[in-house]
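Residues per chain, in single letters:
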Amino acid sequence: MIVDYEDRGGGDDSDSCSKSINETVNGSHHFTIRGYSLAKGMGPGKYITSDTFTVGGYDWAVYFYPDGKNIEDSSTYVSVFIALASEGTDVRALFELTLLDQSGKGKHKVHSHFDRALESGPYSLKYRGSMWGYKRFFRRSVLETSDYLKDDCLSMHCTVGVVRTRVEGPKDYSVSVPPSDMGQSLKYVLDAELGCDIDFRVGEETFKAHKLILAARSPVFRSQFFGLVGNPNSDKVELEDIEPSIFKAMLHFIYSDELPDLLEIAGSTSTCTSTIMMQHILAAADRFGLDRLKQLCEAKLCEEVNVETVATTLSLSEQHQCLQLKAICLKFAATNLGGACSP
């Protein structure tokens, strides 16, 4: 949370401003309890504790009560708390306790301050030994037959976010930082063919490029040139099953991180529509592991679904696992074609 304060005093032409910035310093601790069955029976109010861990300049510890913290509960529940383990006054913090599902299904039991609106703000701990947690964290009979207990072992993840407040005054400088032009610079290197070390033969056309840049952007090219069976000394590659205009568009993206102007790429004599080109670019992006390009194409194709393109776009979405594009095609088909394109 940031609060701006601006002083507009009447007797001075200058203005002043400051910001009160409230934020959390977060840290986590993983606590494992082995031999859970041996910990039972120590009695309500008795606990085992984790090692201390430090977050936000304070020490913390996890307290686990195998027979519960409350005598009144007659060992029906286990209790879990996070405690302040160092001296502190009015330490304000957010907490999260996660009991881990050890079956691999990911159905963890989570109690969290972090992902919900705080009606009364962060929890305040007044002194060493102050605790936050749950007396009735889990019914013991259910816990002992669940996937949270495996090989007599419990595992939990604890997160603390200590609230810090700082005041930020006006800066003594004003430097105008231009936007990044890395893409334009790399595109110039490609267009000018500066330092190229690889030639691609695509159909009747040849494209020059740089192996290091291609390897940095595409896991397929990285494997081809620098993988265990790659050949870093190769200087010519022939590609099949891809049109020159599509490869050119893909190269443009690799160097600039932007979708190209498809009309400029295809040329004025091309009969390909932008939708058809985008479909082919998406397929190429999937082939060469360019996930961002694939998603850009998917977003564009979602906007361009129509009666003429829905069938081929639906087939493409299934072939290349584009789930949102598939959903858009099916919805369009159901609305406009009476479900004719349903799988």
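Position numbers for residues count from 1 along each chain, tracking the sequence in the order it is written. Residue-level local features of this predicted model are given only where pLDDT is at least 70; pairs of side-chain atoms are given and counted only at 80 or more, and the full residue set underlies all totals for whole chains, interfaces and linings. Side-chain descriptors were evaluated using all non-hydrogen atoms of the structure, hydrogens and water having been removed beforehand.

Per an unreviewed UniProt entry, the recorded name for the protein chain is BTB/POZ and MATH domain-containing protein 3-like isoform X2, and the organism is Nicotiana sylvestris. UniProt positions are given in the numbering used here, feature names are shortened, and annotations may be inferred rather than shown by experiment. As its UniProt record puts it under Pathway (unreviewed entry), the protein chain is described as follows: "Protein modification; protein ubiquitination." According to the UniProt record, the Function (unreviewed entry) comment for the protein chain is "May act as a substrate-specific adapter of an E3 ubiquitin-protein ligase complex (CUL3-RBX1-BTB) which mediates the ubiquitination and subsequent proteasomal degradation of target proteins."

Participant: Could you clarify how one ought to interpret the sheet that holds strand β12 (residues 198–202) in this entry?
Facilitator: Whether parallel or antiparallel, the strands of a sheet pair through hydrogen bonds between backbone atoms. Criterion used throughout: strands pair if DSSP finds at least two bridges between them. Note on conventions: DSSP H or I runs of at least 4 residues are helices, E runs of at least 2 residues are strands, and numbering of each starts at the N terminus. Strand order across the open sheet formed by three strands is β13-β12-β14, with mixed pairing between neighbours. At either end of the open sheet lies a strand with only one pairing partner, and these are β13 (205–209) and β14 (236–239). Averaged over all pairs of adjacent strands, the angle between strand axes in this sheet comes to 25°, irrespective of strand direction. Bridging between β12 and β13 involves five bridges; their strand directions are antiparallel. Residue phenylalanine 200 lies in a different strand from β13, and its bridge partner there is phenylalanine 207. Where helix α6 (residues 244–256) meets the sheet, its contacts fall on β12, β13 and β14, and the angle it forms with β13 comes to roughly 10°. The angle between two axes is taken between their N-to-C directions and runs from 0 to 180 degrees, where each axis is a line fitted to C-alpha atoms and a helix contributes only its stretch in contact. When checking whether two residues touch, look at their non-hydrogen atoms; a contact exists if any pair is within 4.5 Å.

Participant: Looking at this structure, how should I read the pattern of salt bridges?
Facilitator: It is possible for side chains bearing opposite charge to pair when their charged atoms get close. Only one rule defines a salt bridge in this text: a Lys or Arg side-chain nitrogen within 4 Å of an Asp or Glu carboxyl oxygen. Applying the stated criterion across every chain, the model contains 16 salt bridges. The partner of glutamate 144 in a salt bridge is arginine 140, and the shortest N-O contact between them spans 3.8 Å. Burial classes: relative accessible area under 20% of the type maximum marks a residue as buried, over 50% as exposed, and values in between as partly exposed (1.4 Å probe, protein chains only). Judged by its relative accessible area of 29%, glutamate 144 falls in the partly exposed class. Residues participating in the shared-partner salt-bridge network are Lys40, Asp67, Arg140 and Glu144.

Participant: Explanation requested: the nonpolar core in the structure shown.
Facilitator: Grouping buried Ala, Val, Leu, Ile, Met, Phe, Trp, Tyr and Cys residues that are joined through side-chain atoms within 4.5 Å yields what is termed a nonpolar core. Phe200, Leu214, Phe221, Phe247 and Met250 are the most contacted members of the largest nonpolar core, which has 42 residues in total. The residues touching leucine 214, leaving out its near neighbours within four places in the chain, are Ile198, Phe200, Ala209, Phe221, Phe225, Leu251, Ile254 and Tyr255. Residues Ile33, Tyr36, Val78 and Trp132 belong to the second largest nonpolar core, which totals 29 residues.

Participant: Please explain the packing of helix α10 (residues 310–319) against helix α11 (residues 323–336) as it appears in this structure.
Facilitator: Think of two packed helices as two axes; the pair is described by the angle between the axes and how far apart they sit. Orientation of α10 relative to α11, taken along the N-to-C sense of each, is 150°, at an axis distance of 8 Å. Along this stretch, α10 crosses α11, giving a crossing that reads as left-handed. Each of Val310, Thr313, Leu314, Ser317 and Glu318 in α10 lies in contact with α11, whose residues at this interface are Leu325, Lys326, Cys329, Leu330 and Phe332. Residues are sorted three ways: Asp, Glu, Lys and Arg are charged, Ala, Val, Leu, Ile, Met, Phe, Trp, Tyr, Cys and Pro are nonpolar, and all the rest, Gly among them, are polar. Looking at the contact of α10 with α11 residue by residue, the class counts come to six nonpolar, two polar and two charged. Here is the rule for handedness: rotate from the far helix to the near one, and if that takes an anticlockwise turn smaller than a right angle the crossing is left-handed, while a clockwise turn gives right-handed.

Participant: What should I look at first to understand the packing of helix α8 (residues 274–287) against helix α9 (residues 291–303) in this one?
Facilitator: At their nearest, the axes of α8 and α9 sit 8 Å apart, and the two run at 155° to each other. On the basis of their axis angle, the class for α8 and α9 is roughly antiparallel. Remark: the crossing between α8 and α9 carries left-handed chirality. Contacts from Thr275, Met278, Gln279, Ile281, Leu282, Ala285 and Asp286 of α8 reach α9 at Leu293, Lys294, Cys297, Glu298, Lys300 and Leu301. Considering only residue class, the contact of α8 with α9 consists of seven nonpolar, two polar and four charged. An angle below 35 degrees is read as roughly parallel, one above 145 as roughly antiparallel, one from 65 to 115 as roughly perpendicular, and any other as oblique.

Participant: Sorry if this is basic, but what is going on with the pairing of β14 here?
Facilitator: Consecutive side chains along a regular strand alternate between the two faces of the sheet. Residues Val237 and Leu239 point to one face of β14 and are all buried, whereas Lys236 and Glu238, pointing to the other face, are not buried. Looking at chain direction, β12 and β14 are connected through four bridges and run parallel. Residue pairing for β14: valine 202 is matched across the bridge by leucine 239.

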